[in-house]
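Residue-level structure breakdown
Each chain, letter by letter, is given below.
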Amino acid sequence: SSRGTYTWKINVTNQATGKIDDTKTLLVTAKDIYLQSRGAVSFSSFDTLPSWTQDPTGSWSVSGGVLTGTDKSPANKAGSIIYNASYTTSGSLYLLVATQLSTTGHVHWGFILARDTSNWIFAGIYTDTNSYYLEAYQVQNDKISGTASRGGSFTASGWATLFAVYTPTSGGSSFTIQLYTAGGNFSYTASLSSSGLYPGLTVNDDDKKQYSRVFDNFIASTSDPRIVTVTGLQQGWRVELYDQTGNLIARATADVSGRATLGVLASPITTNGKIVIKDASGNTIIQKTFTQIVGGDTYTYG
């Protein structure tokens, strides 16, 4: 029932004499698939409202498994924010969240790394009611400091996945921002003169008309949340990831190092997900259900 190597001894007893005619000692290795490491330091599928810091209070709510943020901040404040004050980043961080695109209003929405409720840095999306832009800026004492660093305009629709890599630098920080949409992907890189500590989200409506934006499956991680890795395999073995209703989320084949990389961008947080390992002929070696499988996880068979 536990992983490890065990010594077994087999005896062959002569029923006529009652004596042992032969004996053999062998080693038996018991293997399992288990979570080796989790890169996610803060994550939520928003089935319930996480107990994060909000400002202003009441700007964020959960319904139907998604998080809705409404800019209820006053005219002198750069948006409503929510962040996880229980984790402090000291190095690079990957950020991922699903969001529903909308051109309603002049709205900025996406990731923040906050120092407190009045100072943070932002990386995300801006719409001018016609097009979208990827952008980054910093907020000091509730005001956007300077001009937002903004990429070129583009159009898109539906749900999308916003992804960013935050990197502290000697003079501040940088963001590499990517947006994955059904119609195409977009990217932008920006440098800021300040850095942040606590990962979270914001909705900032320039016109203060209390516009909202919707989010799902937020992950802040020290490893890439777009993938789940399985190691300890033989080259050519196959790995499949299923959700709790049996739908296939991702599959991959182990490389020469025995590593399989599953792309989970479309489903970065899977509740009661099942990992199935098969040999090169398709025979099941092992399968196991985990309470939560989170992008950035590494699982090992051994």
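Per chain, residues are indexed from 1 in the order of the written sequence. Predicted model: local features are reported for residues with pLDDT of at least 70 only, side-chain atom pairs are reported and counted for 80 or more only, and whole-chain, interface and lining totals are derived from all residues. Heavy atoms from the whole structure form the basis of all side-chain values; hydrogens and water molecules are not counted.

**Thoughts on the packing of aromatic side chains**
Here a Phe, Tyr or Trp ring, Trp counted by its six-membered ring, pairs with any other such ring whose centre lies within 6.5 Å, and the pair is stacked when the planes are under 30 degrees apart, edge-to-face when over 60, and tilted otherwise. Applying the stated criterion across every chain, the model contains 14 aromatic pairs. Seen in terms of ring centroids, Phe122 and Tyr137 are 4.5 Å apart; in terms of plane orientation they differ by 25 degrees. Their pairing is stacked. Here Phe122 is found in strand S11 (residues 119-127), whereas its partner Tyr137 is found in strand S12 (residues 132-140), with 15 residues between them in sequence. A 1.4 Å probe rolled over the protein chains alone gives each residue an accessible area, and that area as a share of the maximum for its type sets the label: buried under 20%, exposed over 50%, partly exposed in between. A relative accessible area of 1% means that Tyr137 is categorised as buried. Plain terms: the ring middles of Phe154 and Phe186 are 4.0 Å apart, the flat faces sit at 15 degrees to each other, and that makes the pair stacked. One end of the pair, Phe154, is in the loop between strand S13 (143-150) and strand S14 (159-169); the other, Phe186, is in strand S16 (residues 184-192), and 32 residues separate them in sequence. Using a relative accessible area of 8% as the deciding quantity, one classes Phe154 as buried. A relative accessible area of 25% places Phe186 in the partly exposed class. Sitting over a ring, as applied to charges here, requires NZ of Lys or CZ of Arg to be within 6 Å of the ring centre and within 35 degrees of the ring normal. Directly above the aromatic system of Tyr34 lies the positively charged group of Arg3, at a separation of 3.8 Å from the ring centroid. Of note, Arg150 hangs over the ring of Tyr133, and the distance from its end group to the ring centre comes to 5.6 Å. For helices the rule is a DSSP run of H or I covering at least 4 residues; for strands it is a run of E covering at least 2, with both sets numbered from the N terminus onward.

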